[in-house]
Amino acid sequence: MKRFLLKGIINDKGRSLLPIIVVATGTMLTVLLYSWLTGVMGESIRVNANFNTGELKVMTLAYSKDSDQFPNDLAILDASLLINDLKEFEPTVDWVKRVRFGALADFPDSLGETRGQAPVIGWAIDIFSKESLESQRFNLESSIVNGEMPKRAGEVLISNELATKFNVQPGESFTLFGSTMEGGFAFYNLKVSGTLLFGASGLDRGAIVMDIEDAQRAFGMEDACGEILGFLPDKYLNMDNAERIKVRFNNLYSQQQSTDEFAPVMITLRDQAGMAEMVDYTDAVSSIMVFIFVSAMAIVLWNGGLLGALRRYSEFGIRLAMGESKGHIYRSLLTEALIIGAIGSLIGTIIGFFIVLYINVHGVDMSSMMQNSTMVMPSVVRTAITPTTYYIGFIPGIFSMVLGNALAGLGIYKRQTARLFNELEV
Amino acid sequence: MKLICSLKRYTAKAIGLATLALTLLNTTSASLCAQDAVTILKRIDENLSSKNRITESSMTIYGRRSNRTIVSKSWTEGDKKSFTEFISPASEAGTKMLKLDGQLWIYTPSADRTIQISGHLLRQSVMGSDLSYEDMMDDRKLSDIYNVKIEGRDTLDSRDVIILELTANVSDIAYYRQKMWVDEQRNIPLKQEMYARSGQLLKRAEMKEIKRIDNRWYPSLVIYKDMLKDGKGTEFRTISIRFDQQIPSHIFSKASLR
């Protein structure tokens, strides 16, 4: 029976060509839009994870309560020991020390007097270790617009906007003025090795990226750090795994956490401000896409099915006259729709996949559109290829085709045998 | 009928006169109270302010992890010039602060740089303490910058106190309103509450160990508490203070920072 129907679909192009084109187009758009949106959102989450949240973050309990203020007086002490413990606890995760800080950058004139000052937001990361992936996470080399990467202690990267505002060139020095971990005066002279343009105004207004050991010296944080970030080995964010690691870690330290406000505590990316909504939104994108396309395509294919059914009005009449049951005709119509939907979805997914793959490899430069963005957003956006990419198109493709034909085919049950003979002019 | 009318007239006149008398009495009393309050505030200024002074003090900051004590020496002339050198701990030793006409510079030997502190930074905490740069800089007499009135009387630390309410009459001020519990006999505040214009309590100060120094009463220990942050407060202890000394003018120059 199925073979018979397949032959009919292949041989009768009038019956199958238009629906297949419509389904393939819809499927392709579904695949493309799903991959684009998950890519954009995923990249944003990834960039935020790289800059701020990690997939996992370890802080002291006291620090975690005011972490948005970077309270380095509540930082983790003996951070190297804790890093070693974390490496033993979860060796697959890349654990890195970070110091976040707010300070004042004071640019001197030729006499060493204050020429200009600006508040800065700083990231202290491991720039110099060979095995460190931190520079890649910040995409530092590509973001440098003037100068070069820091090569030795005391060299930093500052935002290009800051450098332009105070007419600072690579090679010039400035003083970072802030508070030490103990609350004392922190004065630290630094040399600008290069200037950065991240493409997000929130960062480009006054960012400083420096090596963690410089920050530890500047803020009196020997072997201390504000945060330890964990990055899972998966290419795409694996929130379930991160949640499992968090629960295991916090169980291990639960007793210490109940008595000591400086006990380490672990949180996931989801637990951090605004990130849960972002992750949930990304997860919801596929459902939204499926819903929109099922709805839109069901209407289109319903119309197509009606046209097809009208065209095949005589055929159904003859089949009814020959004694074929209405239910059998209806089922065969649905089976045909299923086959056409599957063929259309397969073609649409293949075409969509190649477009997605192209954008995934080459990316789309959105930097000109993001100049006023306050979020940490990637300047080059890529589509995401996830397991869902391979099947997402089949859901609206097949479902809408079957639904459209099911609605159109209801007319079969309304046919009256007496009227049928009249129509057939028998 | 005439009698009733006359009575009414007299009663109305009597009420009018009584009201006038009460109003006059009230105004006079309020004026006297305000005068008293101004006098008290001037006496407080006489105790706390001076033409110049040399102070050695320690500031103990109670942190969540550890406590720190910073010892410094200050030279102050009027309310415009002040020079402070930090003596200990070693990490802060040699750091100097200079105030000249509302401008503030800090020099640190570790970076060998002089940095000017201005704008919103003046409201930042000094070395994690409960005091801001603004607090440390403002040496103006209270009677010059606040209007004052007596709010009541009470007892504090077994001493009779007058409660004063101070409202700023200048705009460049850190605390728009202050409530002050003043020792009635010694004319020295024992407790101060500093408020923002919105009415929010910003800081509280408690003055302890009031001593007689050169014919004036002076608190040897002031405990400051920034009400907007956690912590146990900051203890500011005056180790030694000498009023009306000869201070060489070169002290108050940027050259003396290095």
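These numbers were taken from a predicted model, which means no experiment stands behind them.

Looking now at the overall build of chain A. When helices and strands are counted, chain A shows 17 helices and 12 strands. Burial status across chain A gives 43% buried among its 426 residues. Across chain A, contacts joining residues at least 24 apart in sequence account for 79% of those joining residues at least 6 apart.

Regarding its fold elements, chain B presents three helices and 13 strands. Sequence-distant contacts, at least 24 apart, represent 44% of the contacts inside chain B between residues at least 6 apart.

Facing 19 residues of chain B, the contacting portion of chain A comprises 19 residues. Among the elements of the structure, strand S5 (103-108) and strand S6 (113-117) of chain B are those that each provide at least two residues to the side of chain B that touches chain A. Top element by residues in the side of chain B that touches chain A is S6(B). It accounts for four residues. Of the residues that constitute the side of chain B that touches chain A, the class distribution is six nonpolar, eight polar and five charged.

Let's shift gears to the nonpolar core. Residues and elements named next belong to chain A. Counting 90 residues, the largest nonpolar core has Val 209, Ala 215 and Ile 228 as the members making the most contacts within it. Ignoring sequence-local partners within four residues, the contact set of Val 209 consists of Trp 123, Ile 125, Phe 138, Leu 140, Val 156, Leu 157 and Leu 196. One finds Ala 24, Leu 333, Ile 343 and Val 356 within the second-largest nonpolar core, a separate group that totals 30 residues.

All names here are of chain A. Of all the 15 residues making up strand S2 (residues 94-108), 11 are buried; the element is thus mostly covered by neighbouring parts of the structure. With five bridges joining them, S2 and strand S9 (residues 227-231) adopt antiparallel strand pairing. Note that in S9 the partner of Val 96 across the bridge is Leu 229. Sheet topology places S2 next to strand S3 (residues 114-125); 10 bridges connect them, and they run antiparallel.

Further remarks concern the environment of B:Thr114. Among the secondary structure elements, B:Thr114 is positioned in strand S6. Each C-alpha atom, one on B:Thr114 and one on B:Met97, is 9.2 Å from the other, the two residues being 17 residues apart in sequence. Dropping the residues within four chain positions of it, B:Thr114 is found in contact with A:Gly112, A:Glu113, B:Trp105, B:Tyr107, B:Lys254 and B:Leu257.

The subject of this paragraph is helix H10 (residues 239-252) of chain A. All names here are of chain A. The terminal C-alpha atoms of H10, which comprises 14 residues, lie 20 Å apart, in line with the 20 Å expected from a rise of 1.5 Å per residue. The set of residues buried in H10 consists of Ala 242, Ile 245, Lys 246 and Phe 249. Take H10 and look down its axis: the buried residues cluster within an arc of 100°, on one side only. Exposed and oriented more than 90 degrees from the buried face of H10 are Asp 240, Val 247, Arg 248 and Asn 251. Where H10 is buried, its residues touch strand S1 (56-60), helix H4 (79-89) and strand S10 (264-268).

Here we take up the pairing of strand S3 (residues 81-88) of chain B. All names here are of chain B. Bridging between strand S2 (residues 67-77) and S3 involves seven bridges; their strand directions are antiparallel. What sits directly across from Trp 75, in S3, is Phe 83. Here S2 hands over to S3 after three residues, with Gly 78 in that stretch at a positive phi of 60°. Sheet analysis places S3 next to strand S4 (residues 96-100), joined by five bridges and oriented antiparallel. Bridged to Glu 85 within S4 is Lys 96.

Our next topic: unusual backbone geometry. Residue B:Ser88 is joined to B:Pro89 through a cis peptide bond whose omega torsion reads 5°. Here B:Pro89 shows up in the loop between S3 and S4.

This paragraph deals with the confidence of the model for chain B. Residues and elements named next belong to chain B. Of all residues in chain B, 86% attain a pLDDT of 70 or more, and the chain-wide mean is 85. Within the model, the stretch residues 1-5 combines pLDDT values under 50 with zero contacts to residues more than four positions away or in other chains. Counting interchain partners and residues more than four positions distant, the pLDDT-below-50 stretch residues 24-32 has zero contacts.

Glancing now at the environment of A:Arg312. For A:Arg312, the position within the fold is in the loop between helix H12 (275-311) and helix H13 (313-321). For the pair A:Arg312 and A:Gly178, spaced 134 residues apart in sequence, the C-alpha to C-alpha distance is 81 Å.

With respect to the helices, strands and loops of the structure, A:Met41 is situated in helix H2 (residues 13-53). Spatially, the C-alpha atom of A:Met41 lies 39 Å from that of A:Glu182, the residues being 141 residues apart in sequence.

Here is what the cut-offs are and how they apply
- Counting of residues starts from 1 at the beginning of each chain's written sequence and follows it residue by residue.
- For this description, chains carry letters from A and ligands carry numbers from 1, given in the order in which they are written.
- Totals for whole chains, interfaces and linings use every residue, but because this is a predicted model, local features are given only for residues with pLDDT of at least 70 and side-chain atom pairs only at 80 or more, for both listing and counting.
- Elements are defined by DSSP. Helices are runs of H or I of four residues or more, strands are runs of E of two residues or more, and each kind is numbered from the N terminus.
- With C-beta atoms placed from the backbone, a residue is buried if 20 or more other C-beta atoms are within 10 Å of its own, exposed if 12 or fewer are, and partly exposed between those counts.
- By the convention adopted here, residues are in contact when the distance between their C-beta atoms, placed from the backbone, does not exceed 7 Å.
- Amino acids are sorted into nonpolar (Ala, Val, Leu, Ile, Met, Phe, Trp, Tyr, Cys and Pro), charged (Asp, Glu, Lys and Arg) and polar (every other residue, Gly among them).
- When buried Ala, Val, Leu, Ile, Met, Phe, Trp, Tyr and Cys residues are joined through C-beta atoms within 7 Å, the set is termed a nonpolar core.
- Whether two strands pair depends on DSSP finding at least two bridges between them.
- By this rule the span expected of a helix is its residue count minus one, scaled by 1.5 Å.
- What the arc measures is the spread of directions leading from the helix axis to the C-beta atoms.
- Each residue carries a pLDDT score, the predictor's own confidence in it, on a scale running from 0 to 100.

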